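# An overview of the molecular structure
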Amino acid sequence: MIDRRGAIGGLGALAAVGLASAADARPRSKPPFLNPGDTVGVVAPASAVSSDDGLDRAEWWLRGMGLVPRFGPHADDRFGYLAGTDADRAADINAMYRDPEVKAVFAVRGGWGGARILPLLDWDAIRANPKLFIGFSDVTAIHLAFAARAGYATIHGGNASSSWPKEEWESLWRLAFSGERVTLGGAAVEAAVGRPGRTIRGGKARGRLLGGNLTIISTLMGTGWLPDFKGAVLFAEDVNEAEYRIDRMFQQLRLAGVLDGLSGIVFGQCSECSTTDPEYRGFTVDQVIDQYLAPLGIPAFTGADIGHVRNQLCLPSGAPVEIDGDARTIRLLQPIVG
């Protein structure tokens, strides 16, 4: 077992020696590029980490990326099913955004509970110190709140304890380390991971890329923590949700007017969302999706490598993109780091 609290605390300062420059003191409008040797924060904003192995995996993968992980003091806490109290989980994130040595922040896992801490986050510090926030699943609540209140992009992608296979790691590198105007997805990626996509309506659309886990998006409706979806490109995914629940959540988005204002839609993977009962006679997930998306008449496709799957793509949440419904790609229009 690695003694994080005793050993890791001083590593960030060591890694930062010689890396600071006059540019670091200037106000930023974008998060900084990530570079090998950078210190990154690791926080548990939602569910408790199931075992120390989760934190060990996070450290293993981040060090493999050439980064120096700095774990929040409460990353291995437990408060019921949460990773510590709401105040403590929020305090870890706030501390990472106030710490000039920390260049980005990774969530160690999702689960449930991220929305509980949104009112406790220091949004002044978050806006004043742009840093990529990286994670997915329940972390959707934090991504959407950043899109509404922080003014810069985040990365919807693997959590720190994820397995980080090739396509996932490469998309993170291109977004965060090399700062490319990356094009994600398409037939070649679909073939490589063995998950074919499907075009609902072709054509191209531009807009701010917003979304994440469909369940979390729907639960934030009416809370004041969602960004404006008008003209946006919505992306969504989910896991372990029955067909009727996917129907219910899309209906909620439609009744709230979200679907009517979109410029385009990308639906990722809905893992373990199909009823296995042989007596089931309802709609499939694809049929439900088509009923909601096809009538909109905007570019839309499904089957993107987004969600609770291996080799998911890291996406620039909150950034301007162009989607191509025929090619089933997402093209970033400007770098998210600077």
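For clarity, every value in this text was computed on a predicted model and none was experimentally measured. Counting of residues starts from 1 at the beginning of each chain's written sequence and follows it residue by residue. Only residues with pLDDT of at least 70 get local features here, since the model is predicted, and only at 80 or more are side-chain atom pairs given and counted; chain-wide, interface and lining totals rely on the full set of residues. Excluded from the side-chain calculations are hydrogens and water; all other atoms, namely the structure's heavy atoms, are used.

The next point concerns the packing of aromatic side chains. For Phe, Tyr and Trp, rings pair up if their centres lie within 6.5 Å, where Trp contributes its six-membered ring, and each pair is then called stacked (planes under 30 degrees apart), edge-to-face (over 60) or tilted (otherwise). This model, assessed by the stated rule, comprises 11 aromatic pairs. With 6.5 Å between their ring centres and 75° between their planes, Phe106 and Trp164 make a pair best called edge-to-face. One end of the pair, Phe106, is in strand β3 (residues 102-107); the other, Trp164, is in the loop between β5 (154-156) and α7 (166-177), and 58 residues separate them in sequence. Here the term buried applies to any residue with accessible area under 20% of the maximum for its type, exposed to any over 50%, and partly exposed to those in between, with areas from a 1.4 Å probe on protein chains only. Classification of Phe106 as buried rests on a relative accessible area of 0%. An aromatic cluster of three or more residues is present, and its members are Tyr97, Trp123, Phe133, Phe146, Tyr152 and Trp225. We call a charge positioned above a ring when the Lys NZ or Arg CZ atom is no farther than 6 Å from the ring centre and deviates by at most 35 degrees from the ring normal. Positioned over the ring face of Trp225 is Arg149, at 3.6 Å from the centre of the ring. To qualify as a helix, a DSSP run of H or I must reach at least 4 residues; to qualify as a strand, a run of E must reach at least 2; elements of each kind are numbered from the N terminus.

Here we come to helix α4 (residues 86-98). Helix length check: α4, at 13 residues, gives a terminal C-alpha distance of 18 Å against a target of 18 Å (1.5 Å per residue), a fit within 8%. For α4, the complete set of buried residues consists of Asp86, Arg89, Ala90, Asp92, Ile93, Asn94, Met96 and Tyr97. Helix span, expected: 1.5 Å multiplied by one less than the number of residues in the helix.

Attention now goes to the environment of Leu262. Within the secondary structure, Leu262 sits in the loop between α10 (243-255) and β10 (264-271). Taking C-alpha positions, Leu262 is 15 Å from Ser317, a pair spaced 55 residues apart along the chain.

Turning to the side chain of Ser162, a few remarks are in order. Assignment of secondary structure puts Ser162 in the loop between β5 and α7. Contacts are assigned to residue pairs with any non-hydrogen atoms lying within 4.5 Å of each other. Among all residues touching Ser162, those that are not within four sequence positions of it are Trp61, Phe136 and Glu168.

Okay, unusual backbone geometry next. Look at Trp164: it is not a glycine, yet its phi comes out positive at around 50°. Positive phi, close to 55°, is recorded for Asn240, a residue that is not glycine.

For α10, built from 13 residues, the straight-helix expectation of 18 Å at 1.5 Å per residue is met to within 8% by its first-to-last C-alpha distance of 18 Å. Those residues of α10 that fall on the buried side of the exposure criterion are Glu243, Ile246, Met249, Phe250 and Leu253. Across the axial projection of α10, the buried residues extend over an arc of 130°, all falling on one side. Turned more than 90 degrees from where α10 packs its buried face, Tyr244, Arg248 and Leu255 sit exposed. Contacts from the buried residues of α10 go to α9 (214-219), β9 (233-239), β10 and α11 (285-293). Trailing α10 by a residue or two, Gly257 shows a phi angle of about 85°, which is positive. Working note: the arc is built from the helix axis to C-beta atom directions.

The next point concerns the confidence of the model for the chain. Within the chain, residue pLDDT values average 92, and 92% of them lie at 70 or more. Scored below 50 in pLDDT, residues 1-26 makes 35 contacts in the model with residues more than four places away or belonging to other chains. Values of pLDDT, ranging from 0 to 100, describe the predictor's confidence in every residue of the model.

Helix-helix packing: each pair is described by the crossing angle between the helix axes and the interaxial distance. Convention adopted: a line fitted to C-alpha atoms gives each axis, helices being fitted over their contacting stretch, and angles between N-to-C directions are expressed from 0 to 180 degrees. It is the contact of α10 with α11, at a shortest axis distance of 9 Å, that shows an interaxial angle of 15°. Relative to α11, α10 is oriented roughly parallel. Judged by the sense of rotation from one axis to the other, the crossing of α10 with α11 is right-handed. In contact with Glu243, Ile246, Asp247, Phe250, Gln251 and Arg254 of α10, α11 contributes Val285, Val288, Ile289, Tyr292 and Leu293. Should an angle fall under 35 degrees it is called roughly parallel, over 145 degrees roughly antiparallel, and 65 to 115 degrees roughly perpendicular, with every other angle called oblique. Two helices cross in a left-handed way if the nearer one is turned anticlockwise from the farther one by less than a right angle. They cross in a right-handed way if the turn is clockwise.

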